[in-house]
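# Residue-level structural notes
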Amino acid sequence: MTTPDSERGHLPRPRTGRQESPEERADRRWAELLQEVRVAQTGSQILFGFLLSVAFMPRFAQLGAFDRGLYVSTVVLGALATGALTSPVAYHRIFAGRRLKPELVDAAARLVAIGLVLLALTVSAALLLLLRVATGSAASGWITGAVMVWFASCWLILPVQHLRRHDGKYTRPPDDPDTGSEP
């Protein structure tokens, strides 16, 4: 029976990353990206579908000029978010069979990041519109601002802080260009 290194007084070996080829890395990153997109895509499509139906509701005719403009901006943001978040499908169809998987993953990842920003803006604009119509209160802008701070915290600030806390604990091997997923 063998004894683990830690019991023999040896420190565990530092993790040097996955031993995968560039093609395997691209396949893994693509699969991870698709899983991430499935979550965001569903939310953006449901929100966009709901927004499209709002214009056909009786109360829509009573909206003032600002709220109508806010609605139009929200729908456009929702359309842009949906387009960006579904773009990996189009990229995959165009790139398929051309041995360009790393380029596909990088391009799709950039568009998904843009799509997430657009989705956050869509949610913000939709929330502002809803709160303005439902309450008529000037506090709707402050509430929307607070919600967007929450989004920024959850989607950006907390992950970046987490990465900073881990600085020095894990160093990516020099030949590992994978920056979009866990080591």
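Residues numbered from 1 in each chain as written. Predicted model: local features only at pLDDT ≥ 70, side-chain atom pairs only at ≥ 80, totals over all residues. Heavy atoms only, no water.

A few words now on the overall build of the protein chain. Within the protein chain, the secondary structure is distributed over 4 helices and 0 strands. Reading the protein chain from its N terminus to its C terminus gives the helix and strand order α-α-α-α. Surface summary for the protein chain: the accessible area is close to 12400 Å², and the carbon and sulfur share equals 65%. (Helix = DSSP H or I, 4+ residues; strand = E, 2+ residues; numbered from the N terminus. Areas by Shrake-Rupley, 256 points an atom, 1.4 Å probe, with all protein chains shown as cover.)

Here the focus is the packing of aromatic side chains. Summed over all chains, the structure comprises 3 aromatic pairs. Look at Tyr91 and Phe95: their rings are 5.4 Å apart centre to centre, the planes differ by 40 degrees, and that puts the pair in the tilted class. Taken together, the residues Tyr91 and Phe95, both in helix α2 (residues 65–95) and 4 residues apart, mark about one turn of the helix. Residue classification places Phe95 among the partly exposed residues on the basis of a relative accessible area of 21%. (Phe/Tyr/Trp six-rings, centres within 6.5 Å; stacked < 30°, edge-to-face > 60°. Buried < 20%, exposed > 50% of the residue type's maximum accessible area, 1.4 Å probe, protein only.)

With that settled, consider the side chain of Gln41. Tracing the backbone through its elements, the reader meets Gln41 in helix α1 (residues 22–54). Overall, the relative accessible area of 18% leaves Gln41 in the buried class. Here Leu85 takes part through its backbone oxygen, which lies 2.9 Å from a polar atom of the side chain of Gln41. Once you skip the residues sitting within four places of it in the chain, Gln41 turns out to touch Leu85 and Thr86. (Polar contact = N/O pair within 3.5 Å; in protein donor to acceptor, adjacent residues only side chain to side chain. Contact = heavy atoms within 4.5 Å.)

The next thing to look at is the side chain of Ser87. Within the secondary structure layout, Ser87 lies in helix α2. A distance of 2.6 Å separates the side chain of Ser87 from the backbone oxygen of Ala84, its partner in a polar contact.

Let's shift gears to unusual backbone geometry. Even without glycine at this site, Arg99 takes up a positive phi of about 55 degrees. Tracing the backbone shows Arg99 in the loop between α2 and α3 (101–135).

Side chains carrying opposite charge are able to pair once their charged atoms draw close together. Counted according to the given criterion, the structure contains 6 salt bridges. Among the salt bridges present, the one from Glu32 reaches Arg28, with a minimum N-O distance of 3.5 Å. With Glu32 and Arg28 both in helix α1, this residue pair falls 4 residues apart, about one helical turn. Residue classification places Glu32 among the partly exposed positions, given a relative accessible area of 25%. Residue classification places Arg28 among the buried residues on the basis of a relative accessible area of 15%. The residue Arg29 makes a salt bridge to Asp106 at a minimum N-O spacing of 3.2 Å. Residue Arg29 is found in helix α1, and its partner Asp106 is found in helix α3; the two are separated by 77 residues along the sequence. Overall, the relative accessible area of 31% leaves Asp106 in the partly exposed class. Among the charged side chains, a network of salt bridges with common partners joins Glu20, Arg25, Arg28 and Glu32. (Salt bridge = Lys/Arg side-chain N within 4 Å of Asp/Glu carboxyl O.)

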